[in-house]
Amino acid sequence: SQYSAVDTNPLSVYIMQPIWNKIIKIVPLWIAPNLLTFSGFVMILFNYFLISFYDWDYTASGSSPGLVPTWVWLFSAFTTFCAYALDSIDGKHARRTQSSTPLGELFDHGLDSWATSIFVLSFFSVCSRDNGKTGVSVYTMYIYLSIVLFNFMCSHWEKYNTGVLFLPWGYDISQVVLIAAYLLTSAVGVEVWQKPLLLGYYITDILVILLIGFSLFLSFPQTLYNIHRAHLKKTLKNDSLYEGLLPLVSPLLLFVLLTVWVVLSPSNVLAKQPRLFLWMVGVAFSNVICKVIICQMSGTRPELFHWFLFPLALVVYAAISGLLGWMEEAVLAVFTALVTAAHVHYGVCVGRQLSEHLNIYIFSLKKRTQE
């Protein structure tokens, strides 16, 4: 299917796009667009592991002065900007080199579905977890992450039904806010997050309120409106309500299972291992959403239950029934490693299959010779 995306965000249209149009001129024409996409993702990943090294349990910013060196925050601002830029120019570069392919589209959105959670998890290090005085509770972190992922899911669910990807306004705004937050932290220190800003509210409170407001009152209604409009124009991809709602079943069940684990965990696993647990949430979500993206691109029907829900249900049952006992954290660690490995393996396999099918290389513009 022909790729179509619509971007109506004034920040993007009037400020960011002109910047990207200047940057794109520097990119050599022999570079493959997927290489830009992948480089941006690797930068986000590297930055995430760097922050994790200094702040494994999200407490480093809770002390004054913070335990994360200033250069790390500057580096975070730099990598976030680079990833944002690369993600914004990869499509332009593909059109410029006449190398737009379904593989590129999948590569871009698939990595975005994973990067979305990594951005959020890196940001949590800025505000630190609740230490009784300041910070955000790990439960707020979980809800915050879930809302961001819910937004991402909505835009792809909407594309599944309408055939058009309406780029969410929240994307550009969130990237600019992230970069600003890192620069602010490097300039004045983590203390800025530990003092009330307005009427006794902290910056983090204000950001959470904005995020929830944006999602529930802007993004989600916009999605429903776009689908409704396509229904009236008779341009919907799916006739039945069942078909239209099908892609939502697995992500929602995933969220239900994870939430049950968070709430009923005997050893309070989210509080003990927030970084592991939230990472696992992001990877699991990304895998479920990638399936939806592939179905939407290939015009196929998503299965009702993603395979991943079955092992997860087993683990959650074993954890909340007390079967795992003191091993709950260890099982979470093993499970997280397996999920991550499965997701990477899945990505590599799909990439290879598509590159063979389309007779192109993933990271090079050279044409494959016909065997």
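Since the model is a prediction, treat every value here as computed from it, not as a measurement.

Conventions and cut-offs
- Residues numbered from 1 in each chain as written.
- Predicted model: local features only at pLDDT ≥ 70, side-chain atom pairs only at ≥ 80, totals over all residues.
- Heavy atoms only, no water.
- Helix = DSSP H or I, 4+ residues; strand = E, 2+ residues; numbered from the N terminus.
- Expected span 1.5 Å × (residues − 1).
- Buried < 20%, exposed > 50% of the residue type's maximum accessible area, 1.4 Å probe, protein only.
- Contact = heavy atoms within 4.5 Å.
- Phe/Tyr/Trp six-rings, centres within 6.5 Å; stacked < 30°, edge-to-face > 60°.
- Bend = angle between axes of the 7 residues up to and from the residue.
- Patch = residues over 30% accessible without salt bridge, like charges linked within 9 Å, V, L, I, M, F, W, Y side chains within 5 Å.
- Areas by Shrake-Rupley, 256 points an atom, 1.4 Å probe, with all protein chains shown as cover.
- Salt bridge = Lys/Arg side-chain N within 4 Å of Asp/Glu carboxyl O.
- UniProt positions renumbered as here; feature names shortened; annotations may be inferred.
- Core = buried A, V, L, I, M, F, W, Y, C linked by side-chain atoms within 4.5 Å.
- Axes fitted to C-alpha atoms, helices over the stretch in contact; angles between N-to-C directions.
- Parallel < 35°, antiparallel > 145°, perpendicular 65-115°, else oblique.
- Nonpolar A, V, L, I, M, F, W, Y, C, P; charged D, E, K, R; others polar.

### Side note on helix H12 (residues 328–358)
If you check H12, its first and last C-alpha atoms are 44 Å apart, about what 31 residues at 1.5 Å a residue would give, namely 45 Å. Of all the residues in H12, the buried ones are Glu328, Leu332, Phe335, Thr336, Val339, Thr340, His343, Tyr346, Val350, Gly351, Leu354 and Ser355.

### Side note on the side chain of Thr37
When you line up the elements, Thr37 lands in helix H2 (residues 33–54). Look at Thr37 and you get buried, because its relative accessible area is 8%. If near-sequence neighbours (up to four positions away) are discounted, Thr37 is found in contact with Asp90, Phe107, Asp108 and Leu111.

### Quick look at unusual backbone geometry
The phi angle at Ser128 is positive, at roughly 65°, despite the residue not being glycine. Within the secondary structure layout, Ser128 lies in the loop between helix H4 (102–127) and helix H5 (138–162). Judged by relative accessible area, Ser128 falls into the buried class, the value being 1%.

### Focus on the packing of aromatic side chains
Applying the stated criterion across every chain yields a total of 27 aromatic pairs. Between Tyr48 and Phe49, the aromatic rings sit 5.5 Å apart at their centres with planes inclined by 65°, giving edge-to-face as the arrangement. Assessed through its relative accessible area of 46%, Phe49 is described here as partly exposed. Grouped by ring-pair contacts, the aromatic residues Phe41, Tyr48, Phe49, Trp114 and Trp279 constitute a single cluster.

### Brief notes about helix H7 (residues 203–232)
Compared with an ideal rise of 1.5 Å per residue, which puts 30 residues at 44 Å, H7 spans 42 Å between its outermost C-alpha atoms and is within 8% of the ideal. Of all the bends in H7, the greatest measures close to 35° and is centred on Ser215. For H7, every residue scored as buried is listed here: Ile203, Thr204, Leu207, Val208, Leu211, Ser215, Ser219, Thr223, Asn226, Ile227 and Ala230. In this structure, the buried residues of H7 make contact with H4, H5, strand S2 (165–166) and helix H6 (169–188). Positive phi appears at Lys234, one or two residues downstream of H7, with a value of about 60°.

### As for a nonpolar patch on the surface
Taken together, the side chains of Tyr242, Leu253, Leu304, Phe305, Trp307 and Phe310 define a hydrophobic patch exposed on the protein surface, amounting to about 590 Å² of accessible area. By secondary structure assignment, the location of Phe310 is in helix H11 (residues 309–320).

### Description of the UniProt feature "transmembrane region" (unreviewed entry) in the chain
Within this structure's numbering, the places UniProt gives as "transmembrane region" (unreviewed entry) are residues 26–50, 70–86, 136–154, 199–220, 241–264, 276–294, 306–324 and 330–348. When the span residues 26–50 is considered, its composition is 72% helix and 0% strand, and the gap between its end C-alpha atoms is 28 Å. The span residues 199–220 is 82% helical and 0% strand by assignment, and the distance between its end C-alpha atoms comes to 29 Å.

### Some thoughts on the environment of Met16
With respect to the secondary-structure elements, Met16 resides in helix H1 (residues 10–23). Note on Met16: relative accessible area 7%, which makes it buried. Counting along the chain gives 121 residues from Met16 to Ser137, while the straight-line C-alpha distance between them is 33 Å.

### Brief notes about the nonpolar core
Note on soluble globular proteins: their nonpolar side chains tend to be buried together. Core analysis: the largest hydrophobic core is formed by 99 residues, its most contacted members being Phe123, Phe124, Leu254, Trp261, Phe277 and Leu312. If near-sequence neighbours (up to four positions away) are discounted, Phe277 is found in contact with Tyr142, Leu258, Trp261, Val262, Val269, Leu270 and Leu332.

### Points about the pattern of salt bridges
In the structure shown here, the tally under the stated rule is 2 salt bridges. Taking the shortest distance from any N to any O, the salt bridge between Glu243 and Arg301 comes out at 3.0 Å. A residue pair is termed long-range when its members are at least 10 positions apart, and Glu243 in helix H8 (residues 241–264) and Arg301 in the loop between helix H10 (274–298) and H11 qualify at 58 residues. For Glu243, a relative accessible area of 19% corresponds to the buried category.

### Let's talk about the packing of H1 against helix H3 (residues 70–96)
Interaxial distance between H1 and H3 falls to 10 Å at its minimum, and their mutual angle equals 75°. On the basis of the axis angle, H1 is roughly perpendicular to H3. When H1 is examined against H3, the residues Met16, Gln17, Trp20, Asn21 and Ile23 are found in contact with a partner set consisting of Phe81, Tyr84, Ala85, Ser88, Ile89 and Lys92. Taken together, the residues of the contact of H1 with H3 sort by class into 7 nonpolar, 3 polar and 1 charged.

### As for the side chain of Asn9
Structurally, Asn9 is set in the loop between strand S1 (5–6) and H1. Judged by its relative accessible area of 2%, Asn9 is buried. When neighbours within four sequence positions are excluded, Asn9 is seen to be in contact with Trp169, Asp172 and Ile173.

### Considerations on the environment of Phe75
In this structure, Phe75 sits in helix H3. The class of Phe75 is partly exposed, set by a relative accessible area of 23%. Separated by 42 residues in sequence, Phe75 and Ser117 have C-alpha atoms that sit 19 Å apart. Those residues in contact with Phe75, other than ones at most four positions away along the chain, are Phe46, Asn47 and Leu50.

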